[in-house]
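# Residue-level structural notes
If you want the building blocks of each chain, they are given just below.
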Amino acid sequence: MLSKPMVDSTLQIFKKITIQLKPTPAKSHYTFNLRDISKIFQGVCMAKTQTLNRNDKMIKLWIHEASRVFHDRLVSADDKRWFTELMVDLIKNAFRVDWSHADLFENKPLIFGDFMKRGIPFEERQYDEIRDIATMSQCIMDY
């Protein structure tokens, strides 16, 4: 069951990021609050059960959502690297998976979305991992 490590890790991220990355004049938007935690779980809940049929997909979805909530707001390369290294440490300790920094954040982006198949009603869309960036780019251009 991944719910406990997911909740615990999310709380750890929130605690560490609020302590480590304080707002400054150059980074005045570094204000984090409890809504950020809810946004992570709101994103995780967008995926349907049939999409998340393996633990590794669920963990990747959680990484994606946490990255969208926190990492996307970071402006300096040092802050971004600090966050990604924190994520790698958390998944190794909490989820017991041995994914490297390169696997998750360097080789190819970890992206989830529900826009890859056109013409499907909103209720039937599948929020799933997008593995082919070229196909995603073409899909976005087609829109």
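To be clear, the structure that these remarks concern was listed above.
Within each chain, residue numbers correspond to sequence positions counted from 1 in written order. Given that the model is predicted, a residue must reach a pLDDT of at least 70 before its local features are reported, and side-chain atom pairs must reach 80 or more before they are shown or counted; all residues, however, enter totals for whole chains, interfaces and linings. The basis for the side-chain values is all heavy atoms of the structure; hydrogens and waters are excluded.

This brings us to the overall build of the protein. Starting at the N terminus, helices and strands are each numbered in turn, a helix being any DSSP run of H or I of at least four residues and a strand any DSSP run of E of at least two. Counting secondary structure elements, the protein contains 6 helices and 2 strands. For the protein, the α and β elements follow one another from N to C terminus as α-α-α-α-α-β-β-α. Restricting the calculation to C-alpha atoms gives the radius of gyration, and the globule rule supplies 2.2 Å times the number of residues raised to the power 0.38. Taking 2.2 N^0.38 as the reference for a compact globule, 143 residues should give roughly 15 Å; the C-alpha atoms of the protein span a radius of gyration of 16 Å, in line with that estimate. Each principal axis of the C-alpha distribution contributes one length, and for the protein these read about 45 × 35 × 30 Å. Evaluated residue by residue, the protein yields a buried proportion of 41% over its 143 residues. Any pair of residues with heavy atoms lying within 4.5 Å of one another is described as a contacting pair. Within the protein, contacts between residues at least 6 apart in sequence are counted, and of these 60% link residues at least 24 apart. Only the protein chains shown count as covering a residue, and every accessible area follows the Shrake-Rupley method with a 1.4 Å probe. On the protein, roughly 8,600 Å² of surface is accessible, and the fraction owed to carbon and sulfur atoms is 54%. We call a residue buried when its accessible area falls under 20% of the maximum for its residue type, exposed when it is over 50%, and partly exposed in between, using a 1.4 Å probe and counting protein chains only.

With that out of the way, let us pick up the packing of helix 2 (residues 34-44) against helix 3 (residues 55-69). Only the stretch in contact is used when a helix axis is fitted, and all axes are lines through C-alpha atoms; the angle between N-to-C directions ranges over 0 to 180 degrees. For the pair helix 2 and helix 3, the least separation of the axes is 9 Å and the interaxial angle reads 140 degrees. Of the possible angle classes, the one that applies to helix 2 and helix 3 is oblique. Every pair of crossing elements has a handedness; the one defined by helix 2 and helix 3 is right-handed. Taking contact as the criterion, the partners of Asp36, Lys39, Ile40, Gly43 and Val44 in helix 2 are, on helix 3, Met58, Leu61, Trp62, Glu65, Ala66 and Val69. Note on angle classes: values under 35 degrees are labelled roughly parallel, values over 145 roughly antiparallel, values of 65 to 115 roughly perpendicular, and the remainder oblique. For a crossing to be left-handed, the near helix must be turned anticlockwise from the far one by less than a right angle; the clockwise case is right-handed.

The probe, sized like a water molecule, is rolled over the atoms to show the empty space still left. Size it by volume and the largest pocket reaches roughly 210 Å³. In the cavity and pocket records, a cavity denotes points on a 1 Å grid over the protein atoms alone where a 1.4 Å probe fits but cannot get out, a pocket denotes an open set with protein on both sides within 12 Å along at least 5 of 7 lines, and lining residues are residues with an atom within 4 Å of a point. Around the largest pocket sit Gly113, Asp114, Phe115, Met116, Lys117, Ile120, Glu124, Arg125, Gln126, Asp128, Glu129 and Ile130, which together line it. At 3 residues, strand 2 (residues 128-130) tops the list of elements feeding residues into the lining of the largest pocket. Here the residues of the lining of the largest pocket sort into 4 nonpolar, 2 polar and 6 charged. Grid points are joined across faces, edges and corners, and a volume is the space filled by probe spheres set on the points. The classification used treats Ala, Val, Leu, Ile, Met, Phe, Trp, Tyr, Cys and Pro as nonpolar, Asp, Glu, Lys and Arg as charged, and all other residues, Gly among them, as polar.

Looking now at the side chain of Glu129. Tracing the backbone through its elements, the reader meets Glu129 in strand 2. Taking relative accessible area as the criterion, Glu129 reaches 13% and is therefore assigned buried. Among residues more than four places away in sequence, those in contact with Glu129 are Lys60, Leu110, Ile111 and Phe112.

Time to look at the pattern of salt bridges. Salt bridges, as used here, are contacts in which a Lys or Arg side-chain nitrogen is within 4 Å of a carboxyl oxygen on Asp or Glu. Considering all chains together, one arrives at 12 salt bridges under this definition. With a closest N to O distance of 2.9 Å, Lys27 and Asp79 form a salt bridge. Residue Lys27 is found in the loop between helix 1 (3-20) and helix 2, and its partner Asp79 is found in helix 4 (residues 77-94); the two are separated by 52 residues along the sequence. Overall, the relative accessible area of 22% leaves Lys27 in the partly exposed class.

With respect to the helices, strands and loops of the structure, Val75 is situated in the loop between helix 3 and helix 4. Sequence spacing of Val75 and Ala26 is 49 residues, and the spatial spacing of their C-alpha atoms is 9.3 Å. Dropping the residues within four chain positions of it, Val75 is found in contact with Lys27, His29, Tyr30 and Lys80.

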